[in-house]
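For reference, the chains in residue letters:
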Amino acid sequence: MTDLQSQDLVTVTIDGVEIHAPRNSMLIEVADQAGINIPRFCYHKHLSIAANCRMCMVEVEKAPKPLPACATPVADGMQVHTRSALALDAQKGTMEFLLINHPLDCPVCDQGGECELQDVAVGYGSDVGRFNERKRVVKDKNIGPLVSTDMTRCIHCTRCVRFGTEIAGVSELGATGRGEFMEIGTYVEKSLSSELSGNVIDLCPVGALNAKPSRMRARAWEMVSHSNISAHDSFGSNLSMHTLRNEVIRVVPQENSELNETWISDRDRFSYEGMYSENRLRQVMHKEVGEWQTSNWSDAIDAVSHTLKEYAPDEIGFLLSANQTNEELFLAQKLARGLAINNIDHRIYQTDFQMQDDDPLFPWLGMNIKDVESQDLIVIIGSDLRTEQPMLAHKVRQATRNGAKVVVINPQYTDWHMQLAAHEIVKPQEWLNQLLLLVSALNQQSDKQVPAELQAKLLDVDDSFKQFIDMLLSANNSCVFVGQLMQQHYDYSALRSLSYWIAQLSNSTFGYVSLASNSAGAALLGALPHRLPMAEKVAEPGLNYLQMVKSPRKVYVLMGIEPEWDCALPANTLNALQQADVVISFSSFVTDAMHDYCNWLLPINSYAEVEGTKINMEGRWQSCNKVVSSSGEAKPAWKVLRMLGCELGLDGFDYLSISNVQSEISSSIDKTCEFSNELTSIPLIEVKQHNSEDVYCVSSTPIYSIDALVRNASSLQQAQASDESAAYVNAFDIEKYGLVEGKWVKVIQGDESGIFQCVLDNRVLPGTVYIPRALPRSEKLGALYGAVELKNLSVG
């Protein structure tokens, strides 16, 4: 056997170049790897082969006619000609047919200058058209606020159709009719709802599908491209931001085979609109005797530094967003600790801190993102992955296409747009008991055993979990991920521990799906009450988020957060802020509630105006870049913290540039350390008895309410995937509690209450009510999970 045969390679010659290629590779793939250009429209390396545009026709010796390179597998000894007379005649003929019905509107087409049809027409088109008949005209379709259509330009490549089925997991676009009467559109008149729908804009080789928010705002050659990273989740998608005259015009994916491949989520693509919202904070503002006045940075720094020195360290609390850069988070905790303040926390979505000393160095996925696609079994506990991490959900979807099984255990129903092996919906009050039963069943079958402390808590089980246990123990490559829905639960410590032992007993990888774009950096760099950078223990730990809210401080420093929308206990947090003497907010945006509870509003740079670094869920350090200048009087948060540190007389704040901050971070962080999610302690696990008549609230944050930037992006707020503020109730409970669909219902949660429209949704379990958070009226409620009372209101 030859070396080539042992490697399953064949030898093919393309345009006189001998190439060794894997058997059954397609000609177009082999040519691309060898740098030999073959024109194409329908082919895309991440989509299935359609071979319907016929632009990639090539001559293969001994074949009776030209063959499509995208659908022709290589064979040993194959001789291929891409530029022969036969191949060129076929390619030029195809080009002529494509141009027969294509409109000559390049001067007004957004795709002009970067159009694949234009590029190929230069090489394969004719300077004289032989078609003298009337061109067809196709009516444009309204498919939502994100994608505009000019369907007369469509050349029927079907990339957008295949993308929906194969990548997004939902067949929203399809073809009707035949021949020149074929049209691409939605099957029924509706908007695109996929969280990845904007990728059809990049896929379209012509100008049929374009970005609606940036439609006709700039030409391709006028804009400057800048590299950046995602601002909304810890996946860390790589982006290219296109700017014109100091303004972001559009955002497109930057290819990275290790992360987002050639895709990005709609949240990453269109959130830049928020930077230009009318709610943008552009001036320093100060409340004087109940009246808001503009101020300046000099007075603000003097006043804030005086406040921080005037109050005792224990009377001050820092609440930070984990979307801030490493540099901003590092300096925030350094400034606080320079003043002996340890009341500092970024975990504003969490309410159970029982086992915080057992937290990992940072919330690590447990593997590289690319490895998710190669798993045999993926168990996801407590996560609406499409909302929290749209691109990670894509990776999981690709794993199912590769044969993986996916099991989901959640307190609410969510549409996953993929085939699931099991989808268990468990009431939040029964979640702990359900996981304890799973661990008990697994402990009986596994060759490993749980620790003695947990052994005492195990329950007697029947064989109802047999199918799940068999899947876990038979998988060669499996993982268990815990997500945001679990991290926000009041029993998070116990739920996390049980999930960890499900992974341990089944030899699975255990990982965290963290929400914010820099949760890893916030934990690693010590934005915590009990830890310094690199998890070094604090001698006298400060108060965590829950303690700072339940026991209000006299001074709060907020950075990058809107507490009424971003916190796990919105009503309690607002109450604590309103009781404070002074509230200082470093923010890019201003809300009505801020005018009520804040004393100082300090404008800081938003996304795309910030230079720095972030760490994604796999532990990858990436740079975020400043691509446009600051808005109004806004300043980078790290510079404001530097000015405050110097004004307060703290050592080590005399930085000349952000590179000085990065050098200090590098000297305090060991980037070569091994990551681990090992849990060494067993928390208190107490299965409480609940009244079967109680109704429990289940909540999550909708995909387009996840942070301030997204909430201010107008096009995303109009998108179909954007949730409505309402109380979603099962038909059984509507009848049981005398509610009226479409009318108002009062949701009472302890001392807090909110009024919502009642919406019938039979996906919600009986005995629960689903209320999406970070939407109007949800700030009136307390914890995201808990017993509530439903009261029908006669007023409409």
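Relevant structure appears above.
Residues numbered from 1 in each chain as written. Predicted model: local features only at pLDDT ≥ 70, side-chain atom pairs only at ≥ 80, totals over all residues. Heavy atoms only, no water.

### Concerning the side chain of Glu261
Okay, so step 1: If you trace the backbone, Glu261 turns up in the loop between strand E12 (248-253) and helix H7 (266-270).
Okay, so step 2: Here Lys395 takes part through its side chain, which lies 2.8 Å from a polar atom of the side chain of Glu261.
Okay, so step 3: Aside from chain neighbours lying at most four places away, what touches Glu261 is His46, Gln254, Glu255, Asn256, Glu373, His394 and Lys395. (Helix = DSSP H or I, 4+ residues; strand = E, 2+ residues; numbered from the N terminus. Polar contact = N/O pair within 3.5 Å; in protein donor to acceptor, adjacent residues only side chain to side chain. Contact = heavy atoms within 4.5 Å.)

### A closer look at helix H11 (residues 390-401)
Okay, so step 1: The terminal C-alpha atoms of H11 lie 17 Å apart, and with 12 residues this matches the ideal 16 Å at 1.5 Å per residue to within 8%.
Okay, so step 2: All buried positions along H11 are accounted for by Pro390, Met391, Leu392, Ala393, His394, Lys395, Val396, Arg397, Gln398, Ala399 and Thr400.
Okay, so step 3: Buried residues along H11 sit against helix H5 (159-168), H7, strand E17 (377-381), helix H10 (385-388) and strand E18 (405-410).
Okay, so step 4: After H11 finishes, the residue Gly403 shows a positive phi value of roughly 110°. (Expected span 1.5 Å × (residues − 1). Buried < 20%, exposed > 50% of the residue type's maximum accessible area, 1.4 Å probe, protein only.)

### Regarding the side chain of Asn260
Okay, so step 1: Along the chain, Asn260 falls in the loop between E12 and H7.
Okay, so step 2: At 3.1 Å, the side chain of Asn260 forms a polar contact with the backbone nitrogen of Asn238.
Okay, so step 3: Look past the residues within four positions of Asn260 in its chain and what remains in contact with it is Phe235, Ser237, Asn238, Pro253, Gln254 and Met391.

### As for helix H9 (residues 326-338)
Okay, so step 1: If you check H9, its first and last C-alpha atoms are 18 Å apart, about what 13 residues at 1.5 Å a residue would give, namely 18 Å.
Okay, so step 2: Buried residues dominate H9, accounting for 12 of its 13 residues.
Okay, so step 3: By the burial criterion, the buried members of H9 are Asn326, Glu327, Glu328, Leu329, Phe330, Leu331, Ala332, Gln333, Lys334, Leu335, Ala336 and Arg337.
Okay, so step 4: One or two residues past the end of H9 sits Ala340, with phi positive at roughly 65°.

### A look at the packing of aromatic side chains
Okay, so step 1: Overall, the coordinates contain eight aromatic pairs when judged by the stated rule.
Okay, so step 2: Here Phe163 and Trp263 contribute two aromatic rings whose centre-to-centre distance is 5.2 Å and whose plane-to-plane angle is 55°, an arrangement assigned as tilted. In this pair, Phe163 sits in helix H5 while Trp263 sits in the loop between E12 and H7, placing the two residues 100 residues apart along the sequence. Like Phe163, the residue Trp263 is buried in the burial classification.
Okay, so step 3: The interplanar angle of 75° and the centroid separation of 5.3 Å between the aromatic rings of Phe510 and Tyr512 together place this pair among those described as edge-to-face. This pair shows no difference in class: Phe510 is buried, exactly as Tyr512 is.
Okay, so step 4: Among the aromatic side chains, those forming a connected cluster through ring pairs are Tyr500, Trp501, Phe510 and Tyr512.
Okay, so step 5: The aromatic ring of Phe589 is capped on one face by Arg280, whose charged end is 5.9 Å from the ring centroid.
Okay, so step 6: For the cation-ring pair, Lys334 lies above Phe653, with the distance from its terminal atom to the ring centre recorded as 5.0 Å. (Phe/Tyr/Trp six-rings, centres within 6.5 Å; stacked < 30°, edge-to-face > 60°. Lys NZ or Arg CZ within 6 Å of the ring centre and 35° of its normal.)

### Points about the environment of Glu752
Okay, so step 1: Positionally, Glu752 belongs in strand E30 (residues 752-760).
Okay, so step 2: In this structure, the C-alpha to C-alpha distance between Glu752 and Ala783, residues 31 residues apart in sequence, is 9.8 Å.
Okay, so step 3: Ignoring sequence-local partners within four residues, the contact set of Glu752 consists of Ala571, Val747, Lys780, Leu781 and Gly782.

### Topic: the sheet that holds strand E4 (residues 67-68)
Hydrogen bonds between backbone atoms are what pair the strands of a sheet, whose relative direction is either parallel or antiparallel.
Okay, so step 1: In space, the five strands of this open sheet follow the order E2-E1-E5-E3-E4, with mixed pairing throughout. Among the strands making up the open sheet, the edge pair consists of strand E2 (17-22) and E4.
Okay, so step 2: Together, strand E3 (57-60) and strand E5 (78-81) form the strand contacts of helix H3 (residues 85-100), whose direction differs from that of E3 by roughly 160°. (Pairing = 2+ DSSP bridges. Axes fitted to C-alpha atoms, helices over the stretch in contact; angles between N-to-C directions.)

### Brief notes about the sheet that holds strand E28 (residues 727-729)
Okay, so step 1: In space, the six strands of this closed barrel follow the order E27-E31-E28-E30-E29-E32, with mixed pairing throughout. On average, adjacent strands in this sheet sit at an angle of 45° to one another, irrespective of strand direction.
Okay, so step 2: Bridge count for strand E27 (residues 695-698) against strand E32 (residues 786-792) is three bridges, and the pairing is antiparallel. Residue pairing for E32: Val695 is matched across the bridge by Val788.

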